[in-house]
Amino acid sequence: MKALVIAQLTFREGLRKKLVLGVVLLSLIFAALYVWGFHLFVQDWRAMEARRQAQGATTMLPYEVFASAMVLLGLWTVNFLAGVMTIFAAVGTIASEIEQGTLHAIVPKPIRRWEIVLGKWLGYAGMLAIYIGVMVAIVTTTAHFIGDYRPPNILQAYGLILLVALMLLSLTMLGSTLFSTVANGVIVFMLYGMAITGGLVEQIGTALDNDVLVRIGVIVSILVPSDSMWRLASYLVQPRIAVNFLGPNPFGTTVPPSSLAVWYSIGYMVVLLLLAMARFQRRDL
């Protein structure tokens with residue numbers, strides 16, 4: 001299948017991009033700081049527990065509540081970095097090659113236009129799957145070996161974080177068939193930011209029992225469901241005692257999206273990809 005050849009070339013090209021290398025470098029810095037921070041957290045917790053035992057006081061909250069918060073913070077950062085890398089790696093995947101005339105040498109060959117779009121999508125998807133997998137593994141192994149804590153449902157959380165990145169990938173590729181590279185980057189990044197803000201508004205509405213704010217968050221999650229999938233992932237990786245203690249917050253939720261929202265997000269991703277294929281089929285080069 002010709003799309004797989006395009007996917008392989010796109011994967012190699014993506015690894016050579018300076019922006020992707022920059023995100024990887026920042027991710028390594030984050031990983032080092034995260035390991036160090038988790039180590040300091042465990043040290044402080046043990047020291048605090050030793051003082052409590054010496055004073056005859058009881059522990060106010062289980063250790064897993066605070067360890068879960070550290071894992072949640074790490075996974076939120078992974079989710080955000082993956083989203084940023086997705087947008088700016090694929091922002092010019094079609095538009096920039098049209099502007100530079102690169103596609104003029106490819107399109108006349110016996111390859112369909114939809115195969116080009118699908119191949120590029122698969123190439124970036126493979127790169128994102130590896131990146132997110134490595135980063136999630138760093139967070140969970142840090143929690144396991146340094147914090148002696150094992151977050152639940154980590155594979156489901158990995159799948160949902162990957163789904164967030166793939167939705168943004170489909171959205172970015174559709175934008176690349178409609179707009180210039182710069183315009184596409186601005187539009188998609190603003191939509192990504194709007195989704196994060198909408199999720200925060202929904203959490204505030206939940207905490208204040210304000211139906212208007214909750215509805216605003218729901219509407220935004222329908223337009224760009226990336227943050228709702230993160231909310232579900234955050235809910236799954238926390239024990240129930242941590243969810244109840246932390247309550248609605250910028251990183252998590254007490255009211256997770258339903259399974260219908262997951263299917264909607266998958267359909268959202270597929271429909272945007274199909275629209276990108278259809279649009280590129282008609283676009284003048």
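Structure first, text after, so check above.
The structure displayed is predicted, hence computed values, not measured ones. (Residues numbered from 1 in each chain as written. Predicted model: local features only at pLDDT ≥ 70, side-chain atom pairs only at ≥ 80, totals over all residues. Heavy atoms only, no water.)

> Quick question: what am I supposed to make of the layout of surface pockets here?
Unfilled space is identified by rolling a water-sized probe across the atoms. Considering only enclosed or pocket space, the largest pocket measures out at about 380 Å³ in volume. Contributing elements (two or more residues each) for the lining of the largest pocket: α7 (181–208), α8 (211–223), α9 (226–236) and α11 (259–282). Here the residues of the lining of the largest pocket are counted per class, giving 10 nonpolar, 9 polar and 3 charged. (1 Å grid on protein atoms, 1.4 Å probe; cavity = no way out; pocket = protein on both sides within 12 Å on 5 of 7 lines; lining within 4 Å. Points joined across faces, edges and corners; volume = space filled by probe spheres on them. Helix = DSSP H or I, 4+ residues; strand = E, 2+ residues; numbered from the N terminus. Nonpolar A, V, L, I, M, F, W, Y, C, P; charged D, E, K, R; others polar.)

> Looking at this model, I keep getting lost on the packing of aromatic side chains. Mind explaining?
The geometry of an aromatic ring pair is captured by the separation of the ring centres together with the interplanar angle, meaning the angle of the planes. The final tally for this structure, using the stated rule, is 10 aromatic pairs. Look at W76 and F80: their rings are 5.7 Å apart centre to centre, the planes differ by 5°, and that puts the pair in the stacked class. Remark: F80 and W76 occur in helix α3 (residues 63–90); sequence separation between them is 4 residues, near one turn of the helix. Overall, F80 belongs to the partly exposed group, its relative accessible area being 29%. Aromatic ring contacts, followed pair by pair, group F30, Y34, F38, F41, W45, Y63 and F66 into a single cluster. (Phe/Tyr/Trp six-rings, centres within 6.5 Å; stacked < 30°, edge-to-face > 60°. Buried < 20%, exposed > 50% of the residue type's maximum accessible area, 1.4 Å probe, protein only.)

> Explain the environment of T197 here, please?
Considering the arrangement of structural elements, one finds T197 in helix α7. Each C-alpha atom, one on T197 and one on G217, is 8.2 Å from the other, the two residues being 20 residues apart in sequence.

> What am I meant to see in the side chain of N79 here?
With respect to the helices and strands, N79 occurs in helix α3. Note on N79: relative accessible area 7%, which makes it buried. Those residues in contact with N79 that sit more than four places away from it in its chain are I161, V164, Y192 and W230. (Contact = heavy atoms within 4.5 Å.)

> What is the right way to look at the side chain of S27 in this model?
Relative to the helices and strands, S27 resides in helix α2 (residues 18–55). For S27, a relative accessible area of 1% puts it in the buried group. Among all residues touching S27, those that are not within four sequence positions of it are L81, Y131 and M135.

> For this particular structure, what's the right way to read the packing of helix α5 (residues 113–145) against α11?
Each pair of packed helices can be summarised by the angle the axes make with each other and by the distance between the axes. Where α5 contacts α11, the two axes come as close as 8 Å, and the packing angle between them is 140°. Relative to α11, the element α5 lies oblique. Where α5 crosses over α11, the handedness of that crossing is right-handed. Each of R113, W114, I116, V117, L118 and W121 in α5 lies in contact with α11, whose residues at this interface are M269, L273, A276, M277, F280, Q281 and R282. (Axes fitted to C-alpha atoms, helices over the stretch in contact; angles between N-to-C directions. Parallel < 35°, antiparallel > 145°, perpendicular 65-115°, else oblique. Left-handed = near helix turned anticlockwise from the far one by under 90°.)

> I tried to follow α8 on my own but got confused; where do I start?
Along an α-helix, residues three or four positions apart point the same way, because every turn accommodates 3.6 residues. Between its first and last C-alpha atoms α8 spans 19 Å; for 13 residues at 1.5 Å apiece the expected length is 18 Å, and the two agree. G217, V220 and S221 are the residues of α8 that are buried. The buried residues of α8 occupy one face: seen down the axis, they fall within an arc of 100°. Exposed side of α8, more than 90 degrees from the buried face: V212, R215, I219 and L223 are the residues found there. Summarising the contacts, the buried residues of α8 are in contact with α7, α9 and α11. One side-chain oxygen of the residue at the start of α8 lies 3.0 Å from the amide nitrogen of V212, identifying that residue as N210. (Expected span 1.5 Å × (residues − 1). Arc of directions from axis to C-beta. Polar contact = N/O pair within 3.5 Å; in protein donor to acceptor, adjacent residues only side chain to side chain.)

Distances and angles like these do not, on their own, reveal function.
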